[in-house]
Amino acid sequence: MSDSVEIVPAQERGLGITHDEIEYIKKALNSVRDEFMDNPYIDEARRVLTVHGYRSAIGSYWNAVIDDLRNKVLHRGLDLFNKEMQAASRGK
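Given the structure is predicted, the values throughout are model-derived calculations rather than measurements.

## Re the overall build of the protein
Here's step 1: Secondary structure assignment for the protein yields four helices and zero strands.
Here's step 2: Sequence-ordered secondary structure for the protein, helices as α and strands as β, is α-α-α-α.
Here's step 3: The buried share of the protein, taken over its 92 residues, is 22%.
Here's step 4: A sequence separation of at least 24 residues applies to 35% of the contacts in the protein between residues at least 6 apart.
Here's step 5: For the protein, the computed accessible surface area is about 7,400 Å², with 55% contributed by carbon and sulfur atoms.

Here's what the structure looks like:
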């Protein structure tokens, strides 16, 4: 039994992710705002992408987006957010 781990490209494992999709993920991770580059979720997404952890990279990127939205809501105030949400729900 070998101790080494073989890394098999996603296409060969039947994950159905294309080279273009991988490049799109890389581009998205490299084009975040400068002040957001040190977000731990972005860092994690970059690290797992290097070992072909595509699903994990996408999940980490999504977590970074949610974290950013949460921080924006908290920065601007929950009262303003709740007011906007009430206005949006009345518009339906």
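## Focus: the nonpolar core
Here's step 1: Judged by nonpolar contacts, the single largest core of 13 residues is most densely connected at L29, I42 and L49.
Here's step 2: Elements that contribute at least two residues to this core include exactly α1 (19–30), α2 (40–49) and α3 (54–76).
Here's step 3: Aside from chain neighbours lying at most four places away, what touches L49 is I25, K26, L29, Y54 and A57.

## Quick notes on the pattern of salt bridges
Pairing is possible between side chains of opposite charge, provided their charged atoms come close.
Here's step 1: What the rule picks out here adds up to six salt bridges.
Here's step 2: With a closest N to O distance of 3.0 Å, D68 and R33 form a salt bridge. Taken as a pair, D68 in helix α3 and R33 in the loop between α1 and α2 lie far apart in primary sequence, 35 residues in all.
Here's step 3: Across the pair R70 and D67 runs a salt bridge whose closest N-O atoms are separated by 2.7 Å. Placement of both R70 and D67 in helix α3 is noted, with a separation of three residues, approximately one turn of the helix.
Here's step 4: The class of R70 is partly exposed, set by a relative accessible area of 44%.
Here's step 5: A relative accessible area of 14% places D67 in the buried class.
Here's step 6: Connected via shared salt-bridge partners are R33, E35, D68 and K72.

## Concerning the side chain of N39
Here's step 1: With respect to the helices and strands, the residue N39 is situated in the loop between α1 and α2.
Here's step 2: Only 2.7 Å separates the side chain of N39 from the backbone nitrogen of Y41, close enough to count as a polar contact.
Here's step 3: Separated by 3.2 Å, the side chains of N39 and D67 make a polar contact.
Here's step 4: Every residue in contact with N39, bar those within four places of it in the chain, is listed here: A64 and D67.

## Side note on the environment of I17
Here's step 1: Inspection of the secondary structure puts I17 in the segment before α1.
Here's step 2: I17 gets classed as buried once you look at its relative accessible area, which sits at 11%.
Here's step 3: Sequence separation between I17 and R55 is 38 residues, and the spatial gap between their C-alpha atoms is 9.9 Å.

Conventions used here
- Residues numbered from 1 in each chain as written.
- Predicted model: local features only at pLDDT ≥ 70, side-chain atom pairs only at ≥ 80, totals over all residues.
- Heavy atoms only, no water.
- Helix = DSSP H or I, 4+ residues; strand = E, 2+ residues; numbered from the N terminus.
- Buried < 20%, exposed > 50% of the residue type's maximum accessible area, 1.4 Å probe, protein only.
- Contact = heavy atoms within 4.5 Å.
- Areas by Shrake-Rupley, 256 points an atom, 1.4 Å probe, with all protein chains shown as cover.
- Core = buried A, V, L, I, M, F, W, Y, C linked by side-chain atoms within 4.5 Å.
- Salt bridge = Lys/Arg side-chain N within 4 Å of Asp/Glu carboxyl O.
- Polar contact = N/O pair within 3.5 Å; in protein donor to acceptor, adjacent residues only side chain to side chain.

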